[in-house]
Amino acid sequence: MATAGENGNGEPSVTVPAATTESGPVPEIPDVPDVPDVPTVDLSRPERVASFKAELLAYLGELVPPGDPPWDIGSFEGYGRGLVATRDIAVNELVFVDRPVLVGPRVNNYEVIFCASCCCILRRLQLCTGGCRLPICSRCDFAVGAASPHAAECRLIQSWQPKDAGRYSKNILYALTSIRGFLLSERDRSIVLQMEGHPPRKEMTTEIERLLKDGYFWNLDGEGPAVRYLRQVVNILNTNAFETSRIVADEENNSHEIILRGLYILGALMNHCCRPNVRYVFDEELRMRVHASRPIRKGEQIMNNYSKILWGTQHRIIHLCFSKNFLCGCDRCKDPTEFGTYLGALKCVRESCPEGRLLPINPLKISSVWRCDRCNLKMDNIKASKIQEIASRMILNNAIKREASHIIDYLKDHIVKFLLPTNQFTVELKLQAIKKIQPDRPLAELREKEKYCVEILDILQRLNYGECFVKGVLCYELFVTRVTIAQLQDDTEFATETSNLAQLRTAWQILRPSGNRPKDLQQLVVTYGIE
């Protein structure tokens, strides 16, 4: 296994031996289908939907239980394809299980070095001996031969003849999920290519364009069929992929979450609503498990949320417009107050109006004028956006990266002066504090954490979000915090009160299938006799 040192430019550099012949000769670039710029067939036509569903069911196999599933694929005006309930679905009922047809690294920096194949933590940078320029552990290295899960993708990258084969390339790592599209079976490739794929914005440089622009390969034609196919896979991933993760431990048994992206075909067919009726988690095998967060009636669409649930409307609209190429017009988006949560509202800038809240007159328009609900002060969208930008920057720079005590003080002494208590940035700070305040912190901090949990749970209730994932996390944190407070006060009965046990029961119901649930959750369930 080659080990990295530092070269004169401060970049990782290694000397990699030539690839062994144990896994066979380096292949030619594999044949790929010609991908048209514009689909020649309307994929929402009934016969196309039926054939697509048949392929998808064959792909899912045993993940679909016997009998008719509670979902079907339909076509909806203004949405295109989507999932519809074929019968009434009860809250917390399992709707479907999906598995990723593609999964791999995301296009973003990582704080740790990990194997590009199995995601195990590497103490130091080790490059694959095959010359693909990727970090690989000894178990997955190309030299292992046919038993290596990395061998096929390594041979493919070798066929493009990487330049500087002895140096690590983060850009090849970023492109790896798309590159794995070449390794799909004919059926799976057919399924992938029938998914929507929006082209990137003009100012955006995708991971494939970066490889071409910087000339990473000697033998990859920028206008050839391989790149044409890669571009289509990139577009499909950017349009449909979900963020998932693996939890791995290093040699000191410290846990690390490796964020990945996965293409879940059935999951991606769910259309968007800012008040969805499902939640999803990923189990230890990275399978997506989708449960109803609210009752779903027969004939209703099965809806997911493509944005952050605790963002204000203006931020959600901008995110959906630039990342998903559509604008939402759901009931939540139409209501300037967002069902009385005021997540996107701003504090009135007039000193004489301390209780006033600035709201967009037409929240569906990014350019909308804002108006105070008390004094009728009007503000143009540019000024309102500037206030939000400043608030975001101040919170990011001054609070989120600081310890919990600093965040609490910042919330008490600074935030209240220019942001509302339920503004999305205030809520984000409270979520950060909840995450950072551990049971060993002082009682005063635990009290603040308890208060933050209750406040955000109230926001979720006003939004009618049902049994969503965030609710499960908050219920867990609230229960653990109240138990800790009770122990500090020698109150042995407080933890077993019905209302507190209800929080633990809700947390277990929602988080149980997750591969990333709190480590002590199951033990708490046993200790307090929830099951």
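What counts and what doesn't
Residues numbered from 1 in each chain as written. Predicted model: local features only at pLDDT ≥ 70, side-chain atom pairs only at ≥ 80, totals over all residues. Heavy atoms only, no water. Helix = DSSP H or I, 4+ residues; strand = E, 2+ residues; numbered from the N terminus. Rg over C-alpha atoms; globule rule 2.2 N^0.38 Å. Buried < 20%, exposed > 50% of the residue type's maximum accessible area, 1.4 Å probe, protein only. Patch = residues over 30% accessible without salt bridge, like charges linked within 9 Å, V, L, I, M, F, W, Y side chains within 5 Å. Areas by Shrake-Rupley, 256 points an atom, 1.4 Å probe, with all protein chains shown as cover. Salt bridge = Lys/Arg side-chain N within 4 Å of Asp/Glu carboxyl O. Pairing = 2+ DSSP bridges. Axes fitted to C-alpha atoms, helices over the stretch in contact; angles between N-to-C directions. Contact = heavy atoms within 4.5 Å. pLDDT = per-residue confidence, 0-100. UniProt positions renumbered as here; feature names shortened; annotations may be inferred. Expected span 1.5 Å × (residues − 1). Polar contact = N/O pair within 3.5 Å; in protein donor to acceptor, adjacent residues only side chain to side chain. Phe/Tyr/Trp six-rings, centres within 6.5 Å; stacked < 30°, edge-to-face > 60°. Core = buried A, V, L, I, M, F, W, Y, C linked by side-chain atoms within 4.5 Å.

Thoughts on the overall build of the protein
Within the protein, the secondary structure is distributed over 16 helices and 18 strands. Relative to the compact-globule value of 24 Å for 531 residues, the protein shows a C-alpha radius of gyration of 25 Å, a close match. Principal axes of the C-alpha set define a box for the protein whose edges measure 75 × 55 × 50 Å. Out of the 531 residues belonging to the protein, those deemed buried represent 49%.

Section: a nonpolar patch on the surface
There is a patch of nonpolar side chains on the surface, built from Ile-318, Phe-322 and Ile-366 and spanning about 240 Å² of accessible area. In this structure, Ile-318 sits in helix α8 (residues 313-324). Take Ile-318: its relative accessible area is 36%, and that puts it in the partly exposed class.

Let's talk about the sheet that holds strand β9 (residues 242-249)
Spatially, three strands are ordered β7-β10-β9 in an open sheet, and the strand pairing comes out antiparallel. Two strands in the sheet have a free side with no partner beyond their single neighbour: β7 (102-105) and β9. The average undirected angle you get between the axes of adjacent strands in this sheet is 35°. Docked against the sheet, helix α6 (residues 225-240) engages β7, β9 and β10 (255-263), running at close to 115° with respect to β10.

Some remarks on the confidence of the model for the protein
Here the protein shows a mean pLDDT of 90. Residues at 70 or above account for 92%. For the stretch residues 1-29, pLDDT sits under 50, and the model shows 70 contacts to residues farther than four places along the chain or on other chains.

Quick notes on the UniProt feature "domain: SET" (unreviewed entry) in the protein
According to UniProt, the positions carrying the feature "domain: SET" (unreviewed entry) are residues 69-307. From the first C-alpha to the last, residues 69-307 spans 27 Å; its make-up is 23% helix and 23% strand.

Quick look at helix α12 (residues 424-436)
A rise of 1.5 Å per residue sets the reference length of α12, with its 13 residues, at 18 Å; its end C-alpha atoms lie 18 Å apart and thus fit the reference within 8%. Buried within α12 we find Gln-424, Phe-425, Thr-426, Val-427, Leu-429, Lys-430, Gln-432, Ala-433 and Ile-434. The N-capping residue of α12, defined by a side-chain oxygen 2.8 Å from the backbone nitrogen of Phe-425, is Asn-423.

Details of the sheet that holds strand β6 (residues 94-98)
One open sheet holds the three strands; their spatial order is β6-β13-β12, and the pairing between them is antiparallel. With partners counted over all chains shown, the strands left at the sheet margins are β6 and β12 (278-282), one partner each. The average angle at which neighbouring strand axes cross in this sheet is 20°, direction not considered. With five bridges joining them, β12 and strand β13 (residues 288-292) adopt antiparallel strand pairing. The residue bridging Phe-282 from the neighbouring strand is Met-288, located in β13.

Notes on the packing of aromatic side chains
Under the criterion given, the structure shown has ten aromatic pairs. Measuring from centroid to centroid gives 5.1 Å for Tyr-264 and Phe-282, while their planes differ by 45°, and the two rings are tilted. Of this pair, Tyr-264 sits in the loop between β10 and α7 (265-268) while Phe-282 sits in strand β12, and the two are 18 residues apart along the sequence. Taken together, the aromatic side chains of Trp-160, Phe-182, Phe-217 and Tyr-229 make up a single cluster linked through ring pairs.

Examining the nonpolar core
With 76 residues, the main nonpolar core has Leu-56, Leu-83, Phe-96, Leu-134 and Ile-302 as its most contacted residues. No other element matches α6, which puts eight residues into this core. When sequence neighbours within four positions are dropped, the list of residues in contact with Leu-56 reads Ile-73, Ile-191, Ile-265, Leu-266 and Leu-269. Leu-411, Cys-453, Tyr-465 and Leu-504 belong to the second-largest nonpolar core, a separate cluster that totals 58 residues.

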